[in-house]
Amino acid sequence: IRDDALRALRAGLQQAGVTNPNVLPGSDYYVEFQAVANELAVVEANALVMADELLEDTAVDNLPRLADLRGLALREASVAIGSVVLSASAPSMVPVNRELIDGQGFRYRVVTGNTYNDGDLISIESIDKGDKANLPEGSVLRWVSPPGFSAPEAIVSDGGLRNGRDPGSTEELRGRVLVRMRVPPASGNWEHLAEIS
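Residues numbered from 1 in each chain as written. Predicted model: local features only at pLDDT ≥ 70, side-chain atom pairs only at ≥ 80, totals over all residues. Heavy atoms only, no water.

## A word on the pairing of strand β1 (residues 81–85)
- Where β1 meets strand β6 (residues 121–126), five bridges bridge the pair, whose relative direction is antiparallel. Residue Gly-82 lies in a different strand from β6, and its bridge partner there is Ile-124.
- When β1 meets strand β8 (residues 153–156), the two strands line up antiparallel, connected through two bridges. Looking at β8, one finds that Val-85 is bridged to Ile-155. (Pairing = 2+ DSSP bridges. Helix = DSSP H or I, 4+ residues; strand = E, 2+ residues; numbered from the N terminus.)

Here it is in structure tokens:
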């Protein structure tokens, strides 16, 4: 800023007839333009920061608002769902919210309470959210308080526990926003079908 102003001043003074205008460090012009440049540099830096916040590919604090304008939001963590196989010597009443724990201490709860027989599937979901709540079939869960006549453990059934997801990151949200900008949902394209789904 200072150098551009001094160059323009020097050229203007030369056109006005001053053969060798003094714009060197220490001159009045130099000091004055340095002071002005110091003030304008702050404005320019803030303008660049604000410009970055207005663009989807560089925004940080403003990204959730830009995503919201396109009907998108940061994905929340989700629970894992699936079922376990009851091992019991007689029909057992299993109430809703009866808890189970895996080997890492993640908690799960019964979703559908009922009287179950040996080998019946019991629908459960994780209480703790995230990827680590997903378990492969055959995993062993321990009842916090076993239902009457049941074994202290239950086995995760076919398909395992799935759909547990960690919260979305800012970069994941940015990627979804950029895809929405490149391929807006319309006329039955894949984005439109995904939005309807």
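## Observations regarding the pairing of strand β7 (residues 140–143)
- Only one face of β7 is buried: it carries Leu-141 and Trp-143, and the other face, with Val-140 and Arg-142, is open.
- Examined bridge by bridge, strand β3 (residues 99–101) and β7 share two bridges and lie antiparallel to one another. Within the sheet, the bridge partner assigned to Ile-101 lies in β7 and is Arg-142.
- Pairing analysis gives three bridges linking β7 to β8, with the strands arranged antiparallel. The residue of β8 that forms the bridge with Arg-142 is Glu-153. (Buried < 20%, exposed > 50% of the residue type's maximum accessible area, 1.4 Å probe, protein only.)

## Describing the pattern of salt bridges
- One pass over the structure, following the stated rule, counts ten salt bridges.
- Within the structure, one salt-bridge network assembled from shared partners comprises Arg-75, Glu-172 and Arg-176. (Salt bridge = Lys/Arg side-chain N within 4 Å of Asp/Glu carboxyl O.)

## A few points about the sheet that holds β6
- The six strands are arranged β1-β6-β4-β3-β7-β8 in a closed barrel whose pairing can be described as antiparallel. Each strand of the sheet is rotated relative to its neighbour by a mean of 40 degrees, with strand direction disregarded. (Axes fitted to C-alpha atoms, helices over the stretch in contact; angles between N-to-C directions.)

## What about the nonpolar core?
- Grouped together as the largest cluster of nonpolar side chains are 19 residues, with contacts concentrated most on Leu-100, Tyr-108, Ile-122, Ile-124, Leu-141, Trp-143 and Leu-161.
- At the level of secondary structure, the elements contributing two or more residues to this core comprise β4 (107–110), β6, β7 and β8.
- Within the second largest apolar cluster, seven residues are counted, among which are Ala-59, Leu-66, Leu-72 and Val-177. (Core = buried A, V, L, I, M, F, W, Y, C linked by side-chain atoms within 4.5 Å.)

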